[in-house]
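# Report on the structure
The chain contents come next:
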Amino acid sequence: MPKRKLDPLPSAAFQILLSLAGEDLHGYAIMRQVADQTEGRMRLGPGTLYSSIQTLLEGKFIEEVDSREDTRLGHERRRYYRLTSAGRKLARSEAERLASLLRVARAKKIFRGDHV
Amino acid sequence: MSEKIYVWLLRLYPSRFREAYGDEALQLFRDRARDEKGFFASVRLWLDLLVDLAVSVPRQYRHANPALIGASAQQRLDRLPSFHVLESESPRLGALLSGGVLTLVALWGVSVLNGHAGNDPPQGASVAQSQAPAYASSAFSGPTPQAANDVEEETTASLQSRMYGTNPQSGDANPGNFQSNPFLSPKGSEFSQPQAQPPKVQAAAQDDDVKLGAAERHRVIAGAIAILKEDYIDPAVAQKTADALLAHEKSGDDDAATDGAAFADLLTRQMADASHDQYLVMVYYRVTPPDRPRGPPPPELVAQYRKEMEQNNCTFERVKILPHNIGYLKFNSFPDVSICRPTVVAAMAQLNHVDAIIFDLRDNHGGSVEMVALIATYLFDHPAHMNDFYDRKENSTEESWTLPPIPGNKLVDKPAYVLTSGSSFSAAEAFSYDLKMLKRVTLVGETTSGRGHMGLPHRIDDHFAIRVPGIRAINPISKTNWAGTGVEPDVKVKAEDALATAEKLAENKPRKK
């Protein structure tokens with residue numbers, strides 16, 4: 001049995017897909033983007049980040065694009081990653097799943113007020 | 001300094017991950033270390049790293065087959081079922097160990113269940129049990145095909161003289177090897193196969209938990225002793241065994257055995273201790289098997305046997321010519337001659353011009369005496385006296401000879417080698433032993449298992465039977481056989497080294513042209 005799967009999609013993998021939805025990013029930028037979009041709750045360590053990236057690459061949900069420098073961070077060449085259409089589809093299906101969950105939660109009046 | 005520590009920690013990851021992402025991980029560490037300065041930030045960084053290590057290192061080691069990981073997610077998108085072979089890596093030692101332990105437990109469980117199901121004790125697995133589960137399923141619709149299959153009456157004893165039994169332990173161990181069917185008599189005339197019509201199972205005999213009292217036990221012991229004394233090949237051993245059974249009964253050794261299967265096991269052990277004959281076996285039937293009719297087996301069984309032999313090339317696994325013009329023939333049983341003669345003739349014709357021949361019997365589990373004689377015929381320019389079968393009850397001896405020389409056969413004076421292993425059984429042992437006694441072959445490999453003679457079950461009552469070997473193979477040269485001791489090889493090497501050893505011997509032997 002594969003011990004590491006994308007079904008169900010781990011939250012780290014989902015966050016990485018989301019982080020790449022806007023632009024191609026390198027590892028550290030993904031980590032920072034994920035930290036931003038989760039308001040600092042998820043700080044991906046190198047092991048988790050790159051094993052998730054590895055899994056997503058193997059599933060062809062993201063792809064590597066030409067490595068280049070990130071001038072804001074110095075002169076090291078960095079590998080950049082891009083969301084594939086399969087990755088976008090996967091992220092969308094996960095988002096829809098969460099949205100339908102949200103509808104249920106809303107219907108059950110889990111939330112206070114109407115702001116969600 | 002802290003970077004060095006992290007480099008060292010990175011070594012905890014599997015090399016595959018380090019090669020792919022080691023540099024990136026280190027780069028990410030550097031980026032964070034550069035951006036997150038100050039005491040609290042550093043502490044948080046290291047906490048993050050340690051948590052990350054704790055989570056991701058085990059996951060990397062569990063990571064089985066990357067190529068398949070995407071498939072399950074893909075499957076979710078497509079909503080289609082898909083199936084994959086998942087393991088491409090060899091299992092870890094720990095997994096192997098726990099798997100081994102589980103297997104042992106499962107085997108133990110199965111044997112316990114078997115014991116309580118009323119079939120033969122494992123050591124007594126008979127020809128019937130070990131041979132042809134397919135036959136049982138096709139021939140029976142009754143609830144206990146196997147038990148029924150086991151029933152053999154004394155009338156079929158003559159069959160023993162022509163069929164060796166096969167490995168009692170090999171019944172299901174090796175599905176690829178169909179073992180020769182000892183029910184098929186070489187002449188096709190005398191099968192001891194169960195009848196085709198469904199068995200009549202007596203309702204009264206289906207009582208699952210027959211509790212045995214002293215009187216029932218005595219009756220069974222007395223019945224067993226009567227059959228032993230009448231039929232067992234060696235009257236002195238029969239007497240000794242009978243005395244031992246009575247002594248055990250008298251001293252109260254049997255008192256605890258109130259369950260039929262346990263009692264049968266106990267008596268089997270007692271008989272084995274006294275006789276040293278593992279074929280002397282008590283059989284317990286939870287459900288009374290039907291009486292065996294006499295006469296030939298149903299044609300569908302013959303047809304099925306024929307079909308199986310055709311499918312597996314009569315168990316002739318390999319026929320080839322090795323370097324230095326050494327013929328190599330590996331066959332895993334001695335199948336019925338009436339069906340498999342053409343296979344043997346074709347194989348031997350293919351090897352007719354070799355300078356030496358190797359018969360590989362390391363996985364051979366026995367079969368027909370006629371087939372033993374037929375294959376041995378290729379090694380002689382005259383009919384050779386292979387073996388005698390002494391039937392105690394009939395007080396008669398049947399001789400087994402090779403056939404008249406085969407015209408055009410060039411193997412008669414070629415060096416011949418037989419490869420043996422601890423799994424060579426019965427007819428394979430006869431072939432090895434008899435040809436060794438005739439000094440016609442060199443045996444290379446391991447001592448064989450030592451299954452000299454088989455016992456067919458003789459019914460004592462509805463629930464008990466005793467297997468009593470009634471026929472003994474007596475080699476005309478040694479005046480004895482391999483029972484109990486096995487056949488000693490001339491060149492003793494491990495079974496897996498036997499072929500290489502025999503090839504060397506054959507290469508170095510001066511050739512007769």
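Residues numbered from 1 in each chain as written. Chains lettered and ligands numbered in written order. Predicted model: local features only at pLDDT ≥ 70, side-chain atom pairs only at ≥ 80, totals over all residues.

## Re the overall build of chain A
Put simply, the rule reads: Helix and strand definitions here come from DSSP, where helices need a minimum of 4 consecutive H or I residues and strands a minimum of 2 consecutive E residues; each element is numbered from the N-terminal end. Field definition: a residue is buried when 20 or more other C-beta atoms are found within 10 Å of its C-beta, exposed when 12 or fewer are, and partly exposed for counts in between, with C-beta atoms placed from the backbone. The contact criterion used here is simple: two residues whose C-beta atoms, placed from the backbone, lie within 7 Å are in contact.
Within chain A, the regular secondary structure consists of four helices and three strands. Within the span of chain A, comprising 116 residues, buried residues form 39% of the whole. Excluding contacts between residues fewer than 6 apart, the proportion of contacts in chain A whose partners are at least 24 apart in sequence is 49%.

## Quick word on the sheet that holds strand E4 (residues 356-360) of chain B
Residues and elements named next belong to chain B. Rule in force here: DSSP-based pairing: two strands are paired if at least 2 bridges between them are found. Only the stretch in contact is used when fitting a helix axis, every axis being a line fitted to C-alpha atoms; angles between N-to-C directions are given from 0 to 180 degrees.
The sheet built from six strands is open, its strands ordered E2-E3-E4-E7-E8-E12 with mixed pairing. Looking along the sheet, the strands with just one partner apiece sit at the ends: strand E2 (316-322) and strand E12 (491-492). As paired elements, strand E8 (residues 442-445) and E12 share two bridges and run parallel to each other. Bridge pairing in E12 places valine 444 opposite valine 491. Against the sheet, helix H16 (residues 427-437) touches strand E7 (416-420) and E8, its axis set at about 140 degrees to E7. Contacts between helix H17 (residues 495-508) and the sheet are confined to E2, strand E3 (326-331), E4, E7, E8 and E12, with E8 contributing the most and set at about 140 degrees to the helix.

## Quick word on the confidence of the model for chain B
Atomic detail in the predicted coordinates should be set aside for any region of low pLDDT. Residue and element names in this part refer to chain B. Put simply, the rule reads: Known as pLDDT, the predictor's confidence for each residue is given on a scale from 0 to 100.
Averaged over every residue, the pLDDT of chain B is 76; the share at 70 or more is 72%. Per-residue pLDDT stays below 50 along residues 118-162; that stretch engages in 132 contacts with residues further than four places along the chain or on separate chains. Per-residue pLDDT stays below 50 along residues 165-207; that stretch engages in 114 contacts with residues further than four places along the chain or on separate chains. For this predicted complex, the interface confidence reaches an ipTM of 0.86, while the overall pTM sits at 0.48.

## Quick word on unusual backbone geometry
Residues and elements named next belong to chain B. Notably, asparagine 313 is not glycine yet its phi reads approximately 55 degrees, a positive angle. Within the secondary structure layout, asparagine 313 lies in the loop between helix H13 (299-311) and E2. Exposure remark for asparagine 313: the 16 C-beta atoms within 10 Å place this residue in the partly exposed category. Of note in this structure, asparagine 325 is not a glycine but carries a positive phi near 55 degrees. Along the chain, asparagine 325 falls in the loop between E2 and E3.

## Thoughts on the confidence of the model for chain A
For chain A, mean pLDDT is 86; residues scoring 70 or higher make up 91% of the total. The least confident element of chain A is strand E2 (residues 62-69) of chain A, whose mean pLDDT is 87; the most confident is helix H1 (residues 11-19) of chain A, at 93.

## A short note on the environment of B:Arg392
Residues and elements named next belong to chain B. Position of arginine 392 among the secondary structure elements: in the loop between strand E5 (385-391) and strand E6 (396-401). Considered as a pair, arginine 392 and isoleucine 471 are 79 residues apart in the sequence and their alpha carbons are 6.2 Å apart. When residues no more than four places from it in sequence are discounted, the contact partners of arginine 392 are Asp231, Ile233 and Gly470.

## Concerning the nonpolar core
We count it as follows: Throughout this description, the term nonpolar core refers to a group of buried Ala, Val, Leu, Ile, Met, Phe, Trp, Tyr and Cys residues whose C-beta atoms join them within 7 Å.
Residues B:Ile358, B:Val372 and B:Leu419 are the most contacted members of the largest nonpolar core, which totals 86 residues. When residues in this core are grouped by element, the largest group, seven residues, is from helix H15 (residues 369-377) of chain B. Not counting the four nearest positions on each side in its chain, B:Leu419 is found in contact with B:Ile358, B:Phe359, B:Asp360, B:Leu361, B:Arg362, B:Val444, B:Gly445, B:Ala498, B:Leu499 and B:Ala502. Counting residues in hydrophobic clusters, the runner-up holds 36 residues, among them A:Ala12, A:Ile16, A:Leu17 and A:Leu83.

## Remarks on the packing of helix H3 (residues 46-58) of chain A against helix H2 (residues 15-35) of chain B
Rule in force here: To sort the angles, those under 35 degrees are grouped as roughly parallel, those over 145 as roughly antiparallel, those from 65 to 115 as roughly perpendicular, and the leftovers as oblique. Take the far helix as your reference; a near helix turned counterclockwise from it by less than a right angle gives a left-handed crossing, and one turned clockwise gives a right-handed crossing. Under the scheme applied, nonpolar residues are Ala, Val, Leu, Ile, Met, Phe, Trp, Tyr, Cys and Pro; charged residues are Asp, Glu, Lys and Arg; polar residues are all the others, including Gly.
Two numbers describe how H3(A) lies on H2(B): the axes approach to 9 Å, and their chain directions differ by 135 degrees. Viewed along their axes, H3(A) and H2(B) adopt a mutual orientation that is oblique. As H3(A) packs across H2(B), the resulting crossing turns out to be right-handed. On the side of H3(A), the interface is formed by A:Pro46, A:Gly47, A:Leu49, A:Tyr50, A:Ser51 and A:Gln54, while H2(B) contributes B:Phe17, B:Ala20, B:Tyr21, B:Glu24, B:Ala25, B:Leu28 and B:Phe29. Of the residues in the contact of H3(A) with H2(B), the class split is nine nonpolar, three polar and one charged.

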